[in-house]
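Tertiary structure, described
Residue strings, one per chain:
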Amino acid sequence: MTRHLRLLPLAMLLLATPALAQPADDSRLVELERRVDLLARELESARLGEAADTAAYRSAFGLAPAASKVYGARPGVSVGGYGEALYENFDARREDGAPAGRPDRVDLLRQIVYLGFKFGDGLLFNSEIELEHAGVKDEAEVQVDPATGEGAAELSGEVNLEFAYVDWMRSRSLGARAGLLLVPVGLVNEYHEPPVFLGARRPDVEQRIIPSTWRAIGAGVFGELPAGFAYRLYLLEGLDMTGFSPSSPLRGGRQSGSQALAQDFAVAGRADWVGTPGLLAGASAYVGNSGQGAADARGRIRARTVLWDVHARLDWRGLDARAVLARGTLDDAARVNAALGLGGGNALGSAFAGGYLEAAYDVMPLLRPGPRVELLPYARYESYDTQQDLPAGLAGNPAYRRTTLTLGAAFKPHPNVVVKADRQIRRNEADTETSQWNAALGYLF
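Here the structure is a predicted model, which is why all the values come from computation and not from measurement.

Let's talk about the pattern of salt bridges
Under the definition given, this model contains 27 salt bridges. The salt bridge partner of Arg270 is Asp272, with a shortest N-O separation of 2.7 Å. With a shortest N-O distance of 2.8 Å, Arg335 and Asp296 are connected by a salt bridge. Within this pair, whereas Arg335 is found in helix 5 (residues 333-340), its partner Asp296 is found in strand 12 (residues 295-296), the two being separated by 39 residues in sequence. Exposure remark for Arg335: the relative accessible area of 13% places this residue in the buried category. For Asp296, a relative accessible area of 29% translates into the label partly exposed.

Overview of unusual backbone geometry
Following Ser212, the chain continues into Thr213 via a peptide bond in cis, with omega recorded as -5°. Phi angles above zero are rare outside glycine, and Ser256 is one such case at about 60°. Mapped onto the elements of the fold, Ser256 is located in the loop between strand 9 (229-237) and strand 10 (265-273). Of note, the phi angle at Gln292 is positive, near 50°, even though the residue is not glycine. Take Gln292: it is sitting in the loop between strand 11 (279-289) and strand 12.

Observations regarding the confidence of the model for the chain
Residues at a pLDDT of 70 or more form 83% of the chain, whose mean pLDDT is 88. For residues 1-24, every residue scores under 50 in pLDDT, and the model assigns this stretch 24 contacts once sequence neighbours within four places are set aside. In this model, residues 44-54 is a region of pLDDT below 50 whose contacts with residues beyond four sequence positions or in other chains number 12 contacts.

Some points on the pairing of strand 8 (residues 215-225)
Pairing between strand 7 (residues 174-182) and strand 8: 8 bridges, direction antiparallel. If you follow Ala178 over to strand 8, its bridge partner there is Ala219. Sheet topology note: the strand 8/strand 9 ladder contains 8 bridges and is antiparallel. When the bridges of strand 9 are listed, Phe222 appears paired with Arg232. In this antiparallel pair of consecutive strands, strand 8 and strand 9, the connection spans 3 residues, and Ala227 shows a positive phi of 65°.

Structural notes on the nonpolar core
Residues Tyr71, Val183, Tyr286 and Leu307 are the most contacted members of the largest nonpolar core, which totals 51 residues. Look past the residues within four positions of Val183 in its chain and what remains in contact with it is Asn189, Glu190, Trp214, Arg215, Ala216, Leu236, Ala268 and Tyr286. Membership of the second largest hydrophobic core comes to 6 residues, among which are Leu198, Tyr378, Ala410 and Val418.

Some thoughts on the side chain of Thr404
In this structure, Thr404 sits in strand 18 (residues 401-414). In terms of polar contacts, Thr404 uses its side chain to reach the side chain of Asp204, at 2.9 Å. Here Thr404 is in contact with Asp204, Arg380, Tyr381, Glu382, Tyr384, Gln424, Ile425 and Arg426, once residues within four sequence places are set aside.

What to know about the side chain of Gln292
Accessibility expressed as a relative area gives 6% for Gln292, which makes it buried. A polar side-chain atom of Gln292 sits 3.5 Å from the main-chain carbonyl oxygen of Gly238. Engagement of the side chain of Gln292 in a polar contact is seen with the backbone oxygen of Leu239, the distance being 3.1 Å. Every residue in contact with Gln292, bar those within four places of it in the chain, is listed here: Gly238, Leu239, Asp240, Gln255, Leu261, Ala262, Gln263 and Asp264.

So, empty space enclosed by the protein
Applying the stated criterion across every chain, the model contains 5 cavities of 30 Å³ or more. Approximately 50 Å³ is the volume attributed to the largest cavity. Contributing to the lining of the largest cavity are Gly62, Leu63, Tyr165, Arg177, Leu181, Leu182, Glu190 and Tyr234. Counting residues per element, the lining of the largest cavity draws most heavily on strand 7, which supplies 3 residues.

A short note on the layout of surface pockets
Using a probe with the size of a water molecule, rolled over the atoms, empty space left in the structure can be pinpointed. Looking at the second largest pocket, its volume works out to about 680 Å³. If you go around the second largest pocket, you meet 24 residues; those closest to its centre are Leu109, Arg110, His133, Gln207 and Arg251. Among the secondary structure elements, those contributing two or more residues to the lining of the second largest pocket are strand 1 (76-90), strand 2 (105-120), strand 3 (123-132) and strand 6 (158-171). Top element by residues in the lining of the second largest pocket is strand 2. It accounts for 5 residues. The class makeup of the residues in the lining of the second largest pocket is 4 nonpolar, 6 polar and 14 charged.

Calculation criteria
- Residues numbered from 1 in each chain as written.
- Predicted model: local features only at pLDDT ≥ 70, side-chain atom pairs only at ≥ 80, totals over all residues.
- Heavy atoms only, no water.
- Salt bridge = Lys/Arg side-chain N within 4 Å of Asp/Glu carboxyl O.
- Helix = DSSP H or I, 4+ residues; strand = E, 2+ residues; numbered from the N terminus.
- Buried < 20%, exposed > 50% of the residue type's maximum accessible area, 1.4 Å probe, protein only.
- pLDDT = per-residue confidence, 0-100.
- Contact = heavy atoms within 4.5 Å.
- Pairing = 2+ DSSP bridges.
- Core = buried A, V, L, I, M, F, W, Y, C linked by side-chain atoms within 4.5 Å.
- Polar contact = N/O pair within 3.5 Å; in protein donor to acceptor, adjacent residues only side chain to side chain.
- 1 Å grid on protein atoms, 1.4 Å probe; cavity = no way out; pocket = protein on both sides within 12 Å on 5 of 7 lines; lining within 4 Å.
- Points joined across faces, edges and corners; volume = space filled by probe spheres on them.
- Nonpolar A, V, L, I, M, F, W, Y, C, P; charged D, E, K, R; others polar.

Structure representation (structure tokens):
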């Protein structure tokens, strides 16, 4: 009851605004809608009581909900996290009828701990520590080079830092960020917590074309401007072309801040606009050389790499709809192919592109109005080509022109817990893809 009384002055102010104001322009109407939406959320939280205080987290400054906890915390330590388990059941046969030969598997993909520390107003540290595949252990005999004494063994899992950075914020509109950063591209790379994205698996386009999860050491600026604009602009370590592949062009080139070659750097930027509450539209771009000192008879190989995307999301009255279109280019592709020994149908493309449309709708209010439980049937259609263009004289591999249709449903007994199940129908122009069933459990805290 006390919280309701505290909200009454704000409600009276919002209701009085149209009568007191002069004829408003579009920006003032957008601001009014934003304030009404905030009031509605506050009233809902007050109605639900203390149980609502931890029901859902909100994203801030380019981070997913749980990763954003430190921004709303008091000075001192902040802890959060998320986890994800996945079961994959592959069809016995490929499109062309040949045996697929892919065993079914279940995997605790990752368990994450967010560890942050707020030093005071405007200065904080935030990090994401990831344990993959339920642990790390040796699964092979260590092979030692007698000349150097160095050796390595195959490991079943990994422990990684997804990000670790320091923020200094002069105001909400201008902040500085430095450390291991998430590259601000697409809809999943920065917002990859399982209850946030649709599907038991992340979209193929945001793995094959946009190599999520993608991080790099760097520094830059960020902020949230009036009228619903947000931006991020970073200087980052560049990719390493020696890891590029025709199936997933950039994925193996990520250096992830681990003893990264730093002879080439890149710039990444992003701008988003929230037109009305629940609507986000924006674009991002990454530009940088990936040669990292590589050379051939003609001299240094620059391997200039460009990746851009346009994206949109609408979260409105139970509907969650998203769209991404991404395209990348690789200069000096012929020289890079020669340096890596790639050719024929397995050459790197000079361009690669893809996109997807997906939507979900919460049908639970139609079935059982009441508690905040969600049931969201969803569908996603993806089309992508990792060899959209090739250097002169090369023919593309039809296996790299692919589509994926995902049909499934997500059940959320709590905003931060999700169970998903879906069917992925995979196709390529060589008829060699294998479709599959998936089931996943995800949570954040």
